[in-house]
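If you want the building blocks of each chain, they are given just below.
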Amino acid sequence: MKSFFKMAFASMVGVLFSFFAILLILILVVIAVASQADEDVEVKANSVLHIPLDYPIVERGHDDPFSKLDINAFGRSKSVGLNDILAAIRRAKTDDNIKGIYLDLSSLQAGYATVEEIRNELLDFKKSKKFILAYSEVYTKNTYYLASAADKVYLNPEGIVEFTGFSSQLMFFKGSLEKLGIEPQIIKVGTYKSAVEPFILDRMSEPNRQQVTSFLGSLYDHYLSSIATARKIQKDSLFAMADQLKVRSPKDAVAFKLVDALRYKDEVLDELKSRSGIEKDEEVKSVTLTDYIKNDTGEEGDFSTRIAVVYASGEITGGEGNDETIGSEKISKAIRKARMDDKVKALVLRVNSPGGSALASDVIWREVVLTKKVKPVVVSMGDLAASGGYYISCAADSIFAQPNTITGSIGVFGIIPNMQNFFNDKLGITFDGVKTGTHADLGTVTRPLTPEEKLIIQNEVNRIYDSFTKRVAEGRKKTQQYVNEIGQGRVWSGSEALKIGLVDKLGNIDDAVRSAAKMAKITDYRIVSYPVQKDGLSALFDKSEDKLRVYFAKKELGEQYEYYEKLKATINLKGIQARMPFDISLK
């Protein structure tokens with residue numbers, strides 16, 4: 001009994017110690033944040049804006065001061081908002097203390113349309129006659145694309161430039177599922193709706209190969225054209241360089257004019273000093289992007305006249321969602337709030353989504369339709385606005401996309417796995433039960449669908465596809481037959497989408513905002529963002545258990561966390577889906 005009380009007391013002391021340790025950490029974090037919250041960063045004369053971009057780029061930066069810290073212990077890693085990056089570059093253009101920009105590139109955690117927006121802002125910055133220097137040890141395809149906007153592109157003497165063209169590779173699970181005795185029961189509409197192909201084929205279907213070849217070629221053509229213009233190299237020459245793998249060494253990169261010279265970092269720093277008017281024996285006066293963002297005074301303009309920007313980023317799900325998904329309830333509330341606010345004269349819906357739940361997409365679509373009746377609605381597409389992402393966009397007055405946006409994928413599908421043989425033959429598990437009706441267990445994975453049940457579900461998928469194409473036809477002022485012809489689940493690049501009428505103009509989010517202002521006939525306005533973000537402490541402690549779980553999973557799995565996340569999302573899929581047939585990561 002005595003040893004029991006000793007153990008109980010020791011356990012209690014341990015719990016109390018852990019509690020106070022966590023409390024102390026929280027207090028220190030709050031103090032650190034509070035000390036930085038209102039602290040402006042001094043930008044000295046002859047400074048260089050240092051842009052490393054070695055952290056994830058999200059659509060919108062967090063307003064709370066915690067986003068400026070790397071609070072991994074609480075599930076939030078450092079990130080920067082695309083909106084903040086663009087605003088910082090735009091402000092640096094007219095800041096007399098900023099002499100130029102230093103692009104210190106290693107990796108970019110962003111899609112090509114996001115990189116496109118940053119690159120275009122850098123090209124506009126150059127109109128100020130200020131310099132931009134880019135340096136890297138390894139230029140990946142997207143980091144080189146960004147660097148090509150610079151006045152000078154430097155490479156480490158032992159570095160690498162990946163200039164090999166684009167490729168797309170899909171993984172197929174048919175053979176694995178057959179070995180496991182799992183039958184994927186597919187119900188879909190759309191010749192090109194290839195989301196189901198990995199489960200029933202061992203290679204790409206011809207329609208899928210056709211669409212991937214088409215949009216990949218469109219993306220690559222824009223990539224080469226943009227680099228050709230910036231570097232003053234013929235596009236055909238760039239194509240030959242990649243096709244024949246001519247750039248195999250750092251010296252090749254210089255010889256073919258992809259980079260201007262080979263430099264070590266100390267040599268680049270010396271040039272930065274020279275260009276900014278600093279003596280060689282002094283330190284470069286620089287301010288990092290994240291520090292420069294802290295000095296942002298916010299939007300100017302008439303606060304009583306507003307344009308609302310609603311950010312819809314991630315997979316589309318029902319309910320509230322979170323920072324990485326589009327919850328239909330949360331986004332609908334945001335759109336509704338902007339619609340009901342008389343000070344808001346127009347709405348810009350920023351969409352970056354591969355799609356998701358067809359039902360949740362329709363819920364958001366309805367709010368866009370209602371808003372369009374009372375004030376202008378303009379959509380700005382990011383890296384992705386496909387399937388359900390296009391569904392929620394199609395009712396807008398006008399749609400903007402980047403040339404390398406991935407959009408379209410107008411189609412729907414459902415998958416119900418029949419795992420009866422897997423359970424019976426592989427695991428020795430059998431099932432038995434009682435039901436009150438013929439279809440009471442419809443959707444179970446423990447038996448195959450009957451022909452009647454397949455027909456019931458197929459008819460429902462057909463109905464949703466009919467509604468989807470009807471929504472697009474009404475929103476885009478096309479016939480439903482035409483939408484069906486360009487639909488069928490086919491994926492398009494932004495450039496292709498412009499030609500077939502799925503989008504109205506190529507441009508960035510600022511172009512969309514200016515267009516919305518013009519439609520609303522306003523010139524002096526302030527931009528307000530929705531959904532409203534939580535303040536620092538609320539954001540830190542909101543669903544902290546989930547954030548801790550994600551943090552430890554990321555720490556354990558590293559780069560493989562992405563695949564774990566996709567698998568978990570697939571397992572949690574519910575209802576008929578209107579989503580991209582695959583995740584695109586260009587190599």
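Residues numbered from 1 in each chain as written. Predicted model: local features only at pLDDT ≥ 70, side-chain atom pairs only at ≥ 80, totals over all residues. Heavy atoms only, no water.

Concerning the nonpolar core
Right, so step 1: Grouped together as the largest cluster of nonpolar side chains are 77 residues, with contacts concentrated most on I118, Y139, V161, F163 and Y223.
Right, so step 2: At nine residues, helix α7 (residues 206-231) tops the list of elements feeding residues into this core.
Right, so step 3: Leave out the neighbours within four places in its chain, and F163 touches Y144, Y223, L224, I227, L238, M241, A242, L245 and L258.
Right, so step 4: Counting residues in hydrophobic clusters, the runner-up holds 53 residues, among them I331, A334, I464 and V503. (Core = buried A, V, L, I, M, F, W, Y, C linked by side-chain atoms within 4.5 Å. Buried < 20%, exposed > 50% of the residue type's maximum accessible area, 1.4 Å probe, protein only. Helix = DSSP H or I, 4+ residues; strand = E, 2+ residues; numbered from the N terminus. Contact = heavy atoms within 4.5 Å.)

Topic: helix α10 (residues 265-276)
Right, so step 1: Over its 12 residues, α10 extends 16 Å from the first C-alpha to the last, a length consistent with the 16 Å expected when each residue adds 1.5 Å.
Right, so step 2: Turning to α10, its buried residues are V268, E271, L272, K273 and S276.
Right, so step 3: One or two positions beyond α10, positive phi appears at G277, with a value near 80°. (Expected span 1.5 Å × (residues − 1).)

A closer look at the packing of helix α3 (residues 112-125) against α7
Right, so step 1: Between α3 and α7, the least distance of the axes is 13 Å, while the angle of their chain directions is 20°. When the interaxial angle is binned, α3 and α7 end up roughly parallel. The handedness of the crossing between α3 and α7 is left-handed. For the pair α3 and α7, contact is made by Y112, E116 and R119 and by H222, Y223, S226, I227 and A230, respectively.
Right, so step 2: Of the residues assigned to the contact of α3 with α7, the class counts are four nonpolar, two polar and two charged. (Axes fitted to C-alpha atoms, helices over the stretch in contact; angles between N-to-C directions. Parallel < 35°, antiparallel > 145°, perpendicular 65-115°, else oblique. Left-handed = near helix turned anticlockwise from the far one by under 90°. Nonpolar A, V, L, I, M, F, W, Y, C, P; charged D, E, K, R; others polar.)

Structural notes on the pairing of strand β4 (residues 98-104)
Right, so step 1: When you tally the buried positions in β4, you get six out of seven residues, the bulk of the element.
Right, so step 2: In the sheet, strand β1 (residues 47-51) pairs with β4 via five bridges, with the strands oriented parallel. By the bridge assignment for β4, S47 is matched with I98.
Right, so step 3: Pairing of β4 with strand β5 (residues 131-139), which is carried by five bridges, proceeds in the parallel orientation. Paired with G100 across the strands is F131, a residue of β5.
Right, so step 4: Handedness of the β-α-β unit built from β4, α3 and β5 comes out right-handed. (Pairing = 2+ DSSP bridges. Right-handed = clockwise from strand over helix to strand, strands pointing away.)

Focus: the environment of A110
Right, so step 1: The residue A110 is located in the loop between β4 and α3 in this model.
Right, so step 2: The spatial distance from the C-alpha of A110 to the C-alpha of D383 is 8.5 Å, given a sequence separation of 273 residues.
Right, so step 3: With near-sequence residues (within four places) excluded, A110 lies in contact with I57, V115 and N142.

A short note on a nonpolar patch on the surface
Right, so step 1: Where nonpolar side chains cluster on the molecular surface, the patch consists of L427, I429 and F431 and spans about 280 Å² of accessible area.
Right, so step 2: Of note, L427 is situated in the loop between α15 (420-426) and α16 (451-476). (Patch = residues over 30% accessible without salt bridge, like charges linked within 9 Å, V, L, I, M, F, W, Y side chains within 5 Å. Areas by Shrake-Rupley, 256 points an atom, 1.4 Å probe, with all protein chains shown as cover. Salt bridge = Lys/Arg side-chain N within 4 Å of Asp/Glu carboxyl O.)

Structural notes on the side chain of N142
Right, so step 1: Relative to the assigned elements, N142 resides in helix α4 (residues 141-147).
Right, so step 2: Among all residues touching N142, those that are not within four sequence positions of it are L108, A110, Y112 and V115.

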